[in-house]
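For reference, the chains in residue letters:
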Amino acid sequence: VAADPLAEALARIVGPADCLTDPDLTAGYRTDWTGRFTGPARCVVRPGTTDEVAAVMALCAAAGQAVVPQGGNTGLVGGGVPRGGEVVLSLSRLVELEAVDPVGGTVVAGAGVTLAALQAHALAAGWDVGIDFASRDSATVGGLVATNAGGTRVLRHGDVRAQIRGVEAVTAAGVVVDRMTRLPKDSTGYDLPGLLVGSEGTLAVVTRVVWRLVPPAPERVTALFGLASYDDALTVLGEVRTAHAVLGAAETFGRAELELVRRHAGLAPPLRADHPRYVLLECEGRGAVEALARVLDGYPLVAETAVAVDAAGRAALWAYRERITECINAEGVPVKLDVAVPPTSLGRFEERVPEVVAGMAPNVRVLSFGHLAEGNLHVNLLDATEAEAEAVEGAVLTLVAGFGGSISAEHGVGIAKRRWLHLTRNPEDIAVMRAIKDALDPHGLLNPGVLLAPAADG
Ligand code: 2HG
Ligand code: ZN
């Protein structure tokens, strides 16, 4: 096979060990976590510094070569894997972690630092990270920023956008933009960090951030309980939120999801009886145990409760929720819809989804679970053909729009949901996004086809 001159030039920038062309070596970078999105890459390049990222981008810009930035490759919407001959720009080697600012509670982290590494680093310095989710060991800071990730602690600390104070990024032309502001107050000009968070690698390549940490919780108590319905779950949630218990997480799943996770992960039943709806609540701070007990003990809607305060017991309860994703993958390649509806509509939405699906694709199985307080449900479809997937996606997302919801609550739009953007973003809004894209990436080289259709000139 003739050598590729572009790959050779990239190898001179990053070193030959970090420019991969052999299909066996690039395989892990070309298919996403679900197995649904996959494509050929021209090569995979892994720069070790911001300057190398800039040199890679400048070279690709000069060659008119499209680039797909990639973090830990745990994305679920096809936004971090190649579609057709792009250069995959892996930020996995940017693992710099500076010392925590003990007073300001910030830390500078490279794009390739995993969420778990960031958490361990913060905890060792007496602080904590306000974001958490199951893929913490692989998901990276760059990917979290690119998708404006959410996870299980959003109700307490907000999404990733709320954690990011400053960013350093490389433009499509290879220019380093340094907005590594650490100040809590800084109203000087446009909010570039805010703009780059959630931009899914379409505006610039994030290389480093100033991450705002949160104080660690002195105590945590986790409770898993069974209820009759979503409406009951929301009533209990409301009680806890106003009961002087600091709520750290409120997650939910149903009978089918529990059955799946128990079967694949070999877990014992968490409660004595079966229930239509399960809720996992976590309260934190001093007095959390008593506060939660005050609400749940003898509460008529709560059928049964399992409670844990020690790390092992809490992890055992969290496993029922956190392992659902991997257990779905064990059943087949899922079609993932990551939607949000106003929480008070969850009950009606949950009833309508299986009706809509059954009417179009009776053999398709629906599993849904997620983040109760934000009304963020992960609707997973199994056994769908591509044609069925498309029809059902359109119908479910139209339903979401009808409820005043979001078609992409935390995973991003990616390739998967681009064609449905108009359901919850109007033409004027999309035109502004397009103008921003064209200003920062006039030749459409950064993650083409993600979020917006590729520009006409390529
Ligand atoms: C979660 O909340 C993740 O566990 C993954 O966002 C959701 O697998 C999914 O659909
Ligand atoms: Zn989620």
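Look a little higher up for the structure.
These numbers come from a predicted model, not from an experiment.

Novice: So what exactly am I meant to see when it comes to the coordination of the zinc ion (ligand 2) here?
Specialist: Reference geometry at the metal: tetrahedral coordination by four donors gives ideal angles of 109.5 degrees; octahedral coordination by six donors gives 90 or 180 degrees. Here the zinc ion (ligand 2) is held by His371 (NE2), His378 (NE2) and Glu410 (OE), and the distances to it run 1.8 to 2.2 Å. Considered as a linear motif, the donors of the zinc ion (ligand 2) on their single chain read H-x6-H-x31-E. Of this pair, His371 sits in strand β14 (residues 365–371) while Glu410 sits in the loop between α14 (386–402) and α15 (427–440), and the two are 39 residues apart along the sequence. Assigned by exposure class, His371 and Glu410 land together as buried.

Novice: Where do I start with the pattern of salt bridges in this structure?
Specialist: Two side chains carrying opposite charge are able to pair once their charged atoms lie near each other. Across all of its chains, the model carries 30 salt bridges by this definition. Measuring nitrogen to oxygen at the nearest pair gives 2.7 Å for the salt bridge that ties Glu355 to Arg352. In this pair, Glu355 and Arg352 are both assigned in helix α13 (residues 346–360), three residues apart and thus about one turn of the helix distant. When its relative accessible area of 35% is taken as the criterion, Arg352 is described as partly exposed. Within this structure, Asp128, Arg153, Arg156, Arg220, Glu282, Glu284 and Arg314 form a network of salt bridges that share partners.

Novice: How should I be thinking about the sheet that holds strand β13 (residues 335–340) in this particular structure?
Specialist: The pairing of strands in a sheet comes from backbone hydrogen bonds and takes either a parallel or an antiparallel form. Pairing in this open sheet of seven strands is antiparallel, and the strands run β12-β9-β11-β10-β14-β15-β13 from one edge to the other. A single partner strand is all that each edge strand has here, and the edge strands are β12 (304–308) and β13. The mean inter-strand angle of the sheet, taken between neighbouring strand axes irrespective of direction, is 15 degrees. Sheet contacts for α13: β11 (277–284), β13, β14 and β15 (376–382); angle to β15, the most-contacted strand, approximately 15 degrees.

Novice: How should the state of the cysteines be read in this particular structure?
Specialist: The term disulfide refers to a covalent linkage connecting the sulfur atoms of a pair of cysteines. Overall, the coordinates contain zero disulfides when judged by the stated rule. Free of any disulfide, Cys19 has its nearest neighbouring cysteine sulfur in Cys43, separated by 4.2 Å.

Novice: What's the story with the environment of Gly142 in this structure? I'm lost.
Specialist: As for its position among the elements, Gly142 is in helix α5 (residues 141–147). For Gly142 and Ala109, which are 33 residues apart along the polypeptide, the C-alpha to C-alpha distance reads 9.3 Å.

Novice: Can you help me understand the site of ligand 1 in this one?
Specialist: Every residue near ligand 1 is listed here: Leu76, Arg321, Thr325, Lys336, Phe369, His371, His378, Asn380, Glu410 and His411. Taking Arg321, its side chain carries an N or O atom lying 2.7 Å from an oxygen atom of ligand 1. Considering ligand 1 on its own, with 290 Å² of exposed area, one finds that the protein chains cover 89% of that surface. Elements supplying a minimum of two residues to the shell around ligand 1: β14 and β15.

Quick notes on the rules
Residues numbered from 1 in each chain as written. Chains lettered and ligands numbered in written order. Predicted model: local features only at pLDDT ≥ 70, side-chain atom pairs only at ≥ 80, totals over all residues. Heavy atoms only, no water. Donors = N, O, S within 2.8 Å, 3.2 Å for Na, K, Ca; no water. Helix = DSSP H or I, 4+ residues; strand = E, 2+ residues; numbered from the N terminus. Buried < 20%, exposed > 50% of the residue type's maximum accessible area, 1.4 Å probe, protein only. Salt bridge = Lys/Arg side-chain N within 4 Å of Asp/Glu carboxyl O. Pairing = 2+ DSSP bridges. Axes fitted to C-alpha atoms, helices over the stretch in contact; angles between N-to-C directions. Contact = heavy atoms within 4.5 Å. Disulfide = S-S within 2.5 Å. Near = heavy atom within 4 Å. Polar contact = N/O pair within 3.5 Å; in protein donor to acceptor, adjacent residues only side chain to side chain. Areas by Shrake-Rupley, 256 points an atom, 1.4 Å probe, with all protein chains shown as cover.

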